[in-house]
Amino acid sequence: MKKIAVIGLGYVGLPLAAAFGEKREVVGFDINSKRIAELKDGVDFTREVSREELAAAGGLSFTDQLDDIADCQIFIVTVPTPIDEYKSPDLTPLIKASESVGKVLKHGDIVIYESTVFPGATEEVCVPVLEKVSGLRFNQDFFAGYSPERINPGDKEHRVASIMKVTSGSTPEIADEVDALYADVITAGTHKASSIKVAEAAKVIENTQRDLNIALMNELSMIFSRMKIDTHEVLAAAGTKWNFLPFKPGLVGGHCIGVDPYYLTHKAQAIGYHPEIILAGRRVNDNMGPYAAAELVKAMIKKGHTIAGSKVLVMGLTFKENCPDLRNTRVIDVIRELEDFGCQVDVTDCWADNEEAQHEYGISLIEQPAQSQYDAVFLAVPHREYAEKASFELRQYMKGDGVLFDLKGVLPMGEADLRL
Ligand SMILES: NC(=O)c1ccc[n+]([C@@H]2O[C@H](COP(=O)([O-])OP(=O)(O)OC[C@H]3O[C@@H](n4cnc5c(N)ncnc54)[C@H](O)[C@@H]3O)[C@@H](O)[C@H]2O)c1
């Protein structure tokens, strides 16, 4: 059995390495030495893989030393693919990881990319780096594959093995080999795409479709709010039709849904097509934070609150519920907008790491918010610990006639003052 190296042990790489590690020898490689030290101690801060699961992955070892992956024959790259401040793809981690792999690449090896990219990135960006650094020739000396990841952090039902996986390879034979490799650990089965580009495009449109559907719900929410109609009630009614899709309005953060469409639009623009619908959806979703803050402020004014100096408690900072991931959270847009209005904002989050919140956003998380302190409570991220609370418990944080904003509509109908 060929030995695997997984490059980048984050939300995607670690569960994958652990799944393969139950069946064969796998070396997990990451440039973050602290992460490697924690994993060697059986600790996964992303909470995706438990200590028991790590122990069950008997074939899995961890390293931050490139030499330790030199004898592997299959390299699976799962590094981040973020966007820069201009919302253009930042391929630096992908290129750096390809340089590392290029240094240890040998005849017959296969490099499989899992990071989300635009169609063409594997063969146009990564393979040339591998060729340059290794001095080997593509599809003669070494081969490539692309198999996008579809995991959903925090979701204990849809996990790496139970989600059907799309596979592809740079030649028909390699496509078969890549497919068989994954079929060995993915109990839900595999779908072999006809080319690497098709597999890359499939992943990026999955997230683009989701982004656009949420954008439509957000636009509807803004229209219905002006008409004094509750969007959730409209959706419950429309949802009784068999083919109405169950999307809800909300903030679109994280490093997938809110980021990946920009990879597609970047490539589209590079080949002379100016995408309209995809970017319109991005604009709508990126404006939801300031919009939600303004709605809260309006409701506070209507109740007679003075906004300058008012105290608002924001519950939840992570980009989604039941997950500690703070990257690209759009709750920050709500907080910044409220601060711009002159509100004093306290933030609490039972899943987020205080140090990371400080480092990323300069926010000091409140561990236990005081009772009867706030003019408004903004339930931004309904982690299960918050969603289990009754509305009267949330109202206890407020003094007198405060405003309770249930962003995602998790409280029973009519119990919050506002929702999207
Ligand atoms: N998290 C998700 O829900 C999800 C789902 C599907 C696909 N994806 C995609 O998978 C990819 C990885 O995402 P993630 O959430 O696991 O990222 P992550 O940030 O959690 O993990 C990436 C890891 O890669 C390491 N790394 C960075 N550069 C490296 C290098 N040059 N060499 C070795 N290690 C390096 C980092 O230290 C980090 O531990 C991205 O392209 C993402 O879009 C993510």
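Residues numbered from 1 in each chain as written. Predicted model: local features only at pLDDT ≥ 70, side-chain atom pairs only at ≥ 80, totals over all residues. Heavy atoms only, no water.

- You'll find the protein chain entered in an unreviewed UniProt entry as UDP-N-acetyl-D-galactosamine dehydrogenase, with Marinobacter pelagius given as the organism.
- According to its UniProt record, the protein chain has this under Sequence similarities (unreviewed entry): "Belongs to the UDP-glucose/GDP-mannose dehydrogenase family." (UniProt positions renumbered as here; feature names shortened; annotations may be inferred.)

1. Observations regarding the UniProt feature "domain: UDP-glucose/GDP-mannose dehydrogenase C-terminal" (unreviewed entry) in the protein chain
Alright, step 1. Cross-referencing UniProt, the feature "domain: UDP-glucose/GDP-mannose dehydrogenase C-terminal" (unreviewed entry) maps to residues 313-413 in the present numbering.
Alright, step 2. Annotated as 27% helix and 23% strand, the span residues 313-413 places its first and last C-alpha atoms 21 Å apart. (Helix = DSSP H or I, 4+ residues; strand = E, 2+ residues; numbered from the N terminus.)

2. Brief notes about the sheet that holds strand β1 (residues 4-7)
Alright, step 1. The six strands are arranged β3-β2-β1-β4-β5-β6 in an open sheet whose pairing can be described as parallel. Strands at the two margins of the open sheet, each flanked by one partner only, are β3 (60-63) and β6 (143-146). Between one strand and the next, the sheet's axes are offset by a mean angle of 20°, whatever the strand orientation.
Alright, step 2. The pairing of β1 with strand β2 (residues 26-29) spans four bridges and is classified as parallel. Within β2, the residue paired with alanine 5 across the bridge is valine 27.
Alright, step 3. On the sheet, helix α1 (residues 13-21) packs against β1, β2, β3 and β4 (74-77) and is oriented at approximately 140° with respect to β3.
Alright, step 4. Against the sheet, helix α4 (residues 92-104) makes contact with β1, β4 and β5 (110-113), and its axis sits at roughly 170° relative to β4, the strand it touches most. (Pairing = 2+ DSSP bridges. Axes fitted to C-alpha atoms, helices over the stretch in contact; angles between N-to-C directions. Contact = heavy atoms within 4.5 Å.)

3. Focus: the site of the ligand
Alright, step 1. The immediate surroundings of the ligand are formed by 26 residues, with Val12, Asp30, Thr81, His255 and Arg327 found nearest.
Alright, step 2. Between an oxygen atom of the ligand and a main-chain N or O atom of valine 12, the distance comes to 2.8 Å.
Alright, step 3. Here the ligand has 820 Å² of accessible area as a free molecule, and 91% of this is covered by the chains.
Alright, step 4. Among the elements that take part in the shell around the ligand, α4 stands out by supplying three residues, more than any other.
Alright, step 5. Within the shell around the ligand, the residues separate by chemical class into 13 nonpolar, eight polar and five charged. (Near = heavy atom within 4 Å. Polar contact = N/O pair within 3.5 Å; in protein donor to acceptor, adjacent residues only side chain to side chain. Areas by Shrake-Rupley, 256 points an atom, 1.4 Å probe, with all protein chains shown as cover. Nonpolar A, V, L, I, M, F, W, Y, C, P; charged D, E, K, R; others polar.)

4. Quick notes on the pattern of salt bridges
Alright, step 1. Applying the stated rule across the entire model yields 28 salt bridges.
Alright, step 2. Residue lysine 23 pairs with aspartate 184 through a salt bridge whose shortest N-O separation is 3.9 Å. Taken together, the residues span a long stretch of sequence, with lysine 23 in the loop between α1 and β2 and aspartate 184 in the loop between α6 (172-183) and β8 (190-192) at a distance of 161 residues.
Alright, step 3. Taking the relative accessible area as the measure of exposure, lysine 23 reaches 46% and is therefore partly exposed.
Alright, step 4. Aspartate 417 serves as the salt-bridge partner of lysine 303, at 3.4 Å between the closest nitrogen and oxygen. Placement of the pair is lysine 303 in the loop between α11 (288-302) and β9 (311-315) and aspartate 417 in the segment after β12 (398-406), with a sequence separation of 114 residues.
Alright, step 5. For lysine 303, a relative accessible area of 31% gives the class partly exposed.
Alright, step 6. Through salt bridges with shared partners, a single network forms among Lys87, Asp211, Arg282 and Asp286. (Salt bridge = Lys/Arg side-chain N within 4 Å of Asp/Glu carboxyl O. Buried < 20%, exposed > 50% of the residue type's maximum accessible area, 1.4 Å probe, protein only.)

5. A word on the side chain of aspartate 211
Alright, step 1. Topologically, aspartate 211 is positioned in helix α7 (residues 196-226).
Alright, step 2. Those residues in contact with aspartate 211, other than ones at most four positions away along the chain, are Val252, Ile257, Pro261, Gly281, Arg282 and Asn285.

6. Observations concerning the state of the cysteines
Alright, step 1. A full pass over the atoms with the stated rule returns zero disulfides.
Alright, step 2. The thiol of cysteine 256 is not disulfide-bonded; the next cysteine sulfur, from cysteine 323, is found 10 Å away. (Disulfide = S-S within 2.5 Å.)

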